[in-house]
Amino acid sequence: MDMRRKKELLALYHNRRPEMGVISYRCKATGESFLGISRDTRADFNSTNMKLNANWHPNKRLQELWNQYGEQGFELSVVRVLKYDDPHEDHTAKLELLREQCLAADPMAKKIWR
């Protein structure tokens with residue numbers, strides 16, 4: 001790959017607008033939901049699934065349910081999407097507020113990460 005093309009692809013990556021929002025792992029058998037904030041939903045689903053499949057996720061309850069029911073026992077979804085203009089701005093506070101709203105609406109929901 002030539003250097004110009006490499007720089008072009010790098011610029012595209014840095015200027016992309018990933019989907020941000022609240023992601024959910026819901027256990028179909030128990031109804032328990034685990035909500036997390038995400039700056040890139042696709043990447044966070046991949047990362048979390050990899051940790052769960054490796055039996056290495058820090059949320060012990062989520063890991064326990066994953067080990068018992070497997071990936072097919074969960075419903076993965078993006079519960080709320082954050083609309084934003086600047087992808088380089090820090091959206092953590094807005095994402096946490098969205099997650100708190102989702103947690104308040106679902107009594108069976110817990111945070112994925114602390």
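Everything numeric here is computed off the predicted structure, so don't read it as measured data.

The rules behind these values
- Residues numbered from 1 in each chain as written.
- Predicted model: local features only at pLDDT ≥ 70, side-chain atom pairs only at ≥ 80, totals over all residues.
- Heavy atoms only, no water.
- Pairing = 2+ DSSP bridges.
- Helix = DSSP H or I, 4+ residues; strand = E, 2+ residues; numbered from the N terminus.
- Axes fitted to C-alpha atoms, helices over the stretch in contact; angles between N-to-C directions.
- Phe/Tyr/Trp six-rings, centres within 6.5 Å; stacked < 30°, edge-to-face > 60°.
- Buried < 20%, exposed > 50% of the residue type's maximum accessible area, 1.4 Å probe, protein only.
- Lys NZ or Arg CZ within 6 Å of the ring centre and 35° of its normal.
- Contact = heavy atoms within 4.5 Å.

1. Some details on the sheet that holds strand S2 (residues 33-38)
Neighbouring strands of a sheet are bound in pairs by backbone hydrogen bonds; such pairs are parallel or else antiparallel.
Here comes step 1: Taken in spatial order, the four strands make up an open sheet running S3-S1-S2-S4, and their pairing is mixed. On the outer flanks of this sheet lie strand S3 (74-82) and strand S4 (109-111), each paired with one strand and no other. Ignoring which end each strand starts from, the neighbouring axes of this sheet average 30° apart.
Here comes step 2: Both strand S1 (residues 20-27) and S2 contribute to a ladder of six bridges, which runs antiparallel. Each residue of the ladder has a partner; that of Ile23, found in S2, is Gly36.

2. A closer look at the packing of aromatic side chains
Here comes step 1: This model, assessed by the stated rule, comprises three aromatic pairs.
Here comes step 2: Seen in terms of ring centroids, Tyr25 and Phe45 are 5.7 Å apart; in terms of plane orientation they differ by 50°. Their pairing is tilted. Of this pair, Tyr25 sits in strand S1 while Phe45 sits in helix H2 (residues 41-53), placing them 20 residues apart in sequence.
Here comes step 3: By relative accessible area, which is 14% here, Phe45 ends up buried.
Here comes step 4: Counting every residue linked through ring pairs, the aromatic cluster contains Tyr25, Phe45, Trp66 and Phe74.
Here comes step 5: The ring of Tyr84 is capped by Arg17, whose NZ or CZ atom sits 4.5 Å from the centre of that ring.

3. A look at the environment of Gly31
Here comes step 1: Along the chain, the position of Gly31 falls in the loop between S1 and S2.
Here comes step 2: When the C-alpha positions of Gly31 and Met108 are compared, they lie 6.9 Å apart, and in sequence the two are 77 residues distant.
Here comes step 3: If we skip the residues at most four places from it in the chain, Gly31 touches Arg26 and Met108.

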